[in-house]
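The lines below spell out each chain.
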Amino acid sequence: MPPPGRQLARIWSESDLLVAECLRAGVWDALDPAELAACVSALLYESRRDAEGAGRLPGGAARAALEETAARFPQ
């Protein structure tokens, strides 16, 4: 894994530091590619309108990883 600063420099999003810290801390290590994509998408997604179901989290391992993310890195 690259040094933390170098890894952060390669992540371009509003949540770049959170994504980098989750990767560095191993919070998402057990996720398969689809689950990892779901977690990153959940961090980056912004609804364009107040729709029913907006803000719904994925299930399974992705949900557990997002819950751990929220517990480790509260806003």
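Look a little higher up for the structure.
Predicted model, so just to flag it, every value in this text is computed and none were measured. (Residues numbered from 1 in each chain as written. Predicted model: local features only at pLDDT ≥ 70, side-chain atom pairs only at ≥ 80, totals over all residues. Heavy atoms only, no water.)

A.B. asks: I'm lost on the nonpolar core in this one. Help?
C.D. replies: Generally speaking, soluble globular proteins have nonpolar side chains that are buried together. Within the largest apolar cluster, eleven residues are counted, these being Ile11, Val19, Ala20, Cys22, Val27, Trp28, Leu31, Cys39, Ala62, Ala65 and Leu66. Sorting the residues of this core by element identifies α2 (16-25) and α4 (60-72) as the ones contributing at least two each. Setting aside chain neighbours within four positions, we find Ala62 in contact with Leu31, Glu35, Ala38 and Cys39. (Core = buried A, V, L, I, M, F, W, Y, C linked by side-chain atoms within 4.5 Å. Buried < 20%, exposed > 50% of the residue type's maximum accessible area, 1.4 Å probe, protein only. Helix = DSSP H or I, 4+ residues; strand = E, 2+ residues; numbered from the N terminus. Contact = heavy atoms within 4.5 Å.)

A.B. asks: Help me understand the environment of Arg6 in this model?
C.D. replies: Note that Arg6 resides in helix α1 (residues 4-9). Taking relative accessible area as the criterion, Arg6 reaches 59% and is therefore assigned exposed. As for Arg6 and Ala20, which are separated by 14 residues in sequence, their C-alpha atoms are 10.0 Å apart.

A.B. asks: Hey, could you run me through the packing of helix α3 (residues 33-44) against α4 in this one?
C.D. replies: When two helices pack together, their arrangement is given by the angle between the helix axes and the distance between those axes. Put simply, α3 and α4 touch, their axes get as near as 9 Å, and they point 45 degrees apart. As summarised for this structure, α3 and α4 are arranged oblique, according to the angle between their axes. Crossing handedness for the pair α3 and α4: right-handed. The segment α3 lies against α4, with Glu35, Ala38, Cys39, Ala42 and Leu43 engaging Ala61, Ala62, Ala65 and Leu66. Looking at the contact of α3 with α4, its residues break down into eight nonpolar, no polar and one charged. (Axes fitted to C-alpha atoms, helices over the stretch in contact; angles between N-to-C directions. Parallel < 35°, antiparallel > 145°, perpendicular 65-115°, else oblique. Left-handed = near helix turned anticlockwise from the far one by under 90°. Nonpolar A, V, L, I, M, F, W, Y, C, P; charged D, E, K, R; others polar.)

A.B. asks: Can you help me understand α2 in this one?
C.D. replies: Residues that lie three or four places apart on an α-helix share one face, since the helix turns once every 3.6 residues. Listed in full, the buried residues belonging to α2 are Val19, Ala20 and Cys22. Buried positions in α2, seen along its axis, are confined to an arc of 160 degrees and lie on one side of it. One or two residues past the end of α2 sits Gly26, with phi positive at roughly 80 degrees. (Arc of directions from axis to C-beta.)

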